[in-house]
Amino acid sequence: MMQSALRPAAPEEASTLRTLNAFAVDLISIPNVDDLFWYVARNVVGQLKFIDCVIYQANPEQTMLTQVAALGEKNPYGRTILNPLQIPFGHGITGQVAQTREAVVIEDLLRDKNYIADTQPARSEICVPLIFDDRIVGVIDSEHPEPGAFGAAELEVLITVAAMTSAKLELLAESERSHRRYTDLVQSHAQLTQETNNRKSLEAELANARKLEAIGRLTGGFAHSFNNLLTVISGNLDLAEEEQSEAVLKELFGDAKDAASRGAKLIKDMLAFSQRMHLVPERLSLNDLVARTRDRNGHRLSNEINLELAQDLWDVSVDPIAAEVALGNLILNARDAMPSGGIIRITTDNVTYGIGDTKAPSQEIAPGRYVRLRVIDEGTGIASHVLPRIYDPFYTTKPIGEGTGLGLSMVMGFMQQSKGTVVAQTENPHGTTFELYFPATVDETGLVGN
Ligand SMILES: Nc1ncnc2c1ncn2[C@@H]1O[C@H](COP(=O)(O)OP(=O)(O)O)[C@@H](O)[C@H]1O
Ligand SMILES: [Mg+2]
């Protein structure tokens, strides 16, 4: 476009080429639109023997041009323009170029009706549009004091500069867009992190509130239950002071002793819940323990208790008294869940869970060998809103005086202390299964014992 490949360039043409080549290289590192306009005014047009150059930028509405960079007699040092000239689209030669998007060369301004005379009147003018993305971005304009100063060669050079400038504008707009996209992304990421953190702290707050509520219920419930027992004891002692009848005295003391031992159990349950129960583990077979517990509790229940005990059950190391209390609590709960009677099944078996085993009923169960003890009832089941709270101390759905809400918290405390766990499976209203998982005792030989 500027020279044919075969013809050696004339000295002037060669310097023009060098200027355009340098422009092409420098363009790469020009960081923004403002710098681009000034670079074009100072280093390109200024070097190309155009003695004057003004660049105008169009507004987004495409109605007005504003001077953004200038070099020449009007701005000999190429300084920032403090009071930029504004030209509406359609007005004067630059306004015409902006509107028609056609480059023009004016041979003699004195004969052009569009010329708006400036403080330094010129005789010839060249003006090319900067077009990008089908919009007028601005115009590059140059004037000369002599008529006929610009010809086809100057037009070609300036159109080339305008095309290169437009291409760079496109790149700058794209990088501006991707920068915006990037900052948008960073912003939404930050927002997401913030939301996640908020949710986490909300959850922590909630957990804390629940804990506080549980502690409140624990102390309140304990005080209430204990007070009831003390009332029974001191009331009976008062009555005993006045009592003559041997038989009545025996009854009063019996009731007081009963209340005292219930108080002791309450404290035991509390300690087990808070994991401070003093446990003395013994190696034993849960089958024996189940049979013993049934014999001890069975006569107090109207329910039938069926045992399905696995042969060759692995041994476990547990505190036998605490284990019996825990099993007793589950049996009593099963009974309470079946007000009009029903069968309670107690089963034992050996289970093994591998790493990542999907059969494991709880994530709390580490891979390994366990003895599973199940208490199965055909009762009411546990409603889904009740289920998350059943291990909370003093949580009970039973009428006042019937439930203490300590049974399952004792079971949970005991199982955790025994390195096992408890899992409740329930189907409202088809009954509930409580499963206790005890780690199997491993021999010195590495084998599980039975
Ligand atoms: N087998 C069961 N079937 C239905 N609900 C049960 C069963 N076991 C426990 N629950 C529920 O869990 C609650 C807490 O049980 P627990 O801690 O033993 O206290 P309590 O028996 O004194 O109410 C019970 O009030 C009941 O709502
Ligand atoms: Mg209970």
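Residues numbered from 1 in each chain as written. Chains lettered and ligands numbered in written order. Predicted model: local features only at pLDDT ≥ 70, side-chain atom pairs only at ≥ 80, totals over all residues.

Trainee: Please explain the overall build of the protein chain as it appears in this structure.
Mentor: When its secondary structure is counted, the protein chain shows 8 helices and 13 strands. Within the protein chain, the fraction of its 450 residues that count as buried is 28%. Once local pairs closer than 6 in sequence are excluded, the contacts in the protein chain between residues at least 24 apart make up 64%. (Helix = DSSP H or I, 4+ residues; strand = E, 2+ residues; numbered from the N terminus. Buried ≥ 20, exposed ≤ 12 C-beta atoms within 10 Å, placed from the backbone. Contact = placed C-beta atoms within 7 Å.)

Trainee: How should I be thinking about the site of ligand 1 in this particular structure?
Mentor: Not every one of the 22 residues close to ligand 1 is listed here, only the nearest: Asn333, Ala337, Thr396, Gly403 and Gly407. Taken together, the elements giving at least two residues each to the shell around ligand 1 come down to helix H7 (320–336) and helix H8 (407–417). Here the shell around ligand 1 is composed, by residue class, of 8 nonpolar, 12 polar and 2 charged. (Near = placed C-beta within 6 Å. Nonpolar A, V, L, I, M, F, W, Y, C, P; charged D, E, K, R; others polar.)

Trainee: What should I look at first to understand the packing of helix H6 (residues 286–298) against H7 in this one?
Mentor: The description of two helices packed together rests on the angle between their axes and the distance between the axes. Running from N to C, H6 and H7 point in directions that differ by 60°, and their axes come no closer than 10 Å. It follows from the interaxial angle that H6 and H7 lie oblique. For the crossing formed where H6 meets H7, the hand is right-handed. Where H6 approaches H7, its residues Leu289, Val290, Arg292, Thr293 and Asn297 are matched on the opposing element by Pro320, Ala323, Glu324, Leu327, Gly328 and Ile331. When its residues are assigned to classes, the contact of H6 with H7 shows 6 nonpolar, 3 polar and 2 charged. (Axes fitted to C-alpha atoms, helices over the stretch in contact; angles between N-to-C directions. Parallel < 35°, antiparallel > 145°, perpendicular 65-115°, else oblique. Left-handed = near helix turned anticlockwise from the far one by under 90°.)

Trainee: Sorry if this is basic, but what is going on with unusual backbone geometry here?
Mentor: With phi around 60°, Arg101 is a residue other than glycine that occupies positive phi space. If you trace the backbone, Arg101 turns up in the loop between helix H3 (92–100) and strand E4 (104–106). In this structure, Asp312 is a non-glycine residue whose phi angle is positive, near 55°. Inspection of the secondary structure assignment puts Asp312 in the loop between strand E8 (304–309) and strand E9 (316–318). The exposure class of Asp312 is exposed, given the 9 C-beta atoms found within 10 Å.

Trainee: Teacher, can you tell me more about the pairing of strand E5 (residues 124–132) here?
Mentor: On a regular strand, one side chain projects to one face of the sheet and the next to the other, so that they alternate. The buried fraction of E5 amounts to 7 of the 9 residues, a majority that puts the element mostly inside the structure. Note that E4 and E5 share 3 bridges and pair antiparallel. Residue pairing across strands places Val104 opposite Cys127, the latter belonging to E5. Of the strand pairs in this sheet, E5 and strand E6 (residues 135–144) are connected by 9 bridges, and their pairing is antiparallel. From the neighbouring strand, Ser124 faces E6, where its bridge partner is His144. A loop of 2 residues connects E5 with E6, the two strands running antiparallel in sequence, and Asp133 in this loop sits at a positive phi of about 60°. (Pairing = 2+ DSSP bridges.)

Trainee: Which parts of the structure should I look at to understand H6?
Mentor: Three or four residues apart is the spacing at which side chains of an α-helix point the same way, because the helix has 3.6 residues per turn. Between its terminal C-alpha atoms H6 stretches 17 Å, which fits the 18 Å expected from 13 residues at 1.5 Å a residue. Within H6, the full set of buried residues consists of Leu286, Val290 and Thr293. Take H6 and look down its axis: the buried residues cluster within an arc of 65°, on one side only. Turned more than 90 degrees off the buried face of H6, the exposed positions are Asp288, Asp295 and Arg296. Its buried side turned inward, H6 meets E8, E9, H7, strand E10 (343–353), strand E11 (368–376) and strand E13 (431–439). (Expected span 1.5 Å × (residues − 1). Arc of directions from axis to C-beta.)

Trainee: Please clarify how helix H2 (residues 33–44) should be interpreted in this entry.
Mentor: With 12 residues, H2 should cover 16 Å at 1.5 Å per step; its first-to-last C-alpha distance of 15 Å lies within 8% of that length. Listed in full, the buried residues belonging to H2 are Leu36, Phe37, Val40, Ala41 and Val44. Angular distribution of buried residues about the axis of H2 spans 125°; they occupy a single face of the element.

Trainee: I would appreciate a short explanation of the pairing of E11 in the present structure.
Mentor: Bridge count between E10 and E11: 9 bridges; the pairing is antiparallel. Each residue of the ladder has a partner; that of Thr352, found in E11, is Arg369. Pairing geometry for E11 and E13, over 7 bridges, is antiparallel. Each bridged residue has a counterpart across the sheet, and for Ile376 the counterpart in E13 is Thr433.

Trainee: Just checking my understanding: could you explain the sheet that holds strand E2 (residues 64–71) for this structure?
Mentor: The pairing of strands in a sheet comes from backbone hydrogen bonds and takes either a parallel or an antiparallel form. Pairing within the open sheet is antiparallel, and its 6 strands lie in the order E3-E2-E1-E6-E5-E4. Each of the sheet's edge strands pairs with one partner strand only, and the pair in question is strand E3 (86–88) and E4. Taken over all neighbouring pairs, the strand axes of this sheet differ in orientation by 25° on average, direction set aside. The sheet contact formed by E2 and E3 spans 3 bridges and is antiparallel. What sits directly across from Leu65, in E3, is Ile87. Against the sheet, H2 makes contact with strand E1 (53–58), E2 and E6, and its axis sits at roughly 50° relative to E2, the strand it touches most.

Trainee: Can you help me understand the environment of Lys257 in this one?
Mentor: Along the polypeptide, Lys257 turns up in helix H5 (residues 246–273). A count of 12 C-beta atoms within 10 Å places Lys257 in the exposed class.

Trainee: So what exactly am I meant to see when it comes to the sheet that holds E10 here?
Mentor: The strand order across the open sheet built from 5 strands is E8-E10-E11-E13-E12, with neighbouring strands paired in mixed fashion. Strands with a single pairing partner mark the edges of an open sheet, and in this sheet they are E8 and strand E12 (421–427). Here the average twist between neighbouring strands, direction ignored, is 20°. Here E12 runs beside E13; their pairing, made up of 7 bridges, is antiparallel. Paired with Val423 across the bridge in E13 is Glu435. The sheet strands contacting H6 are E8, E10, E11 and E13, and the helix crosses E8 at an angle near 175°.

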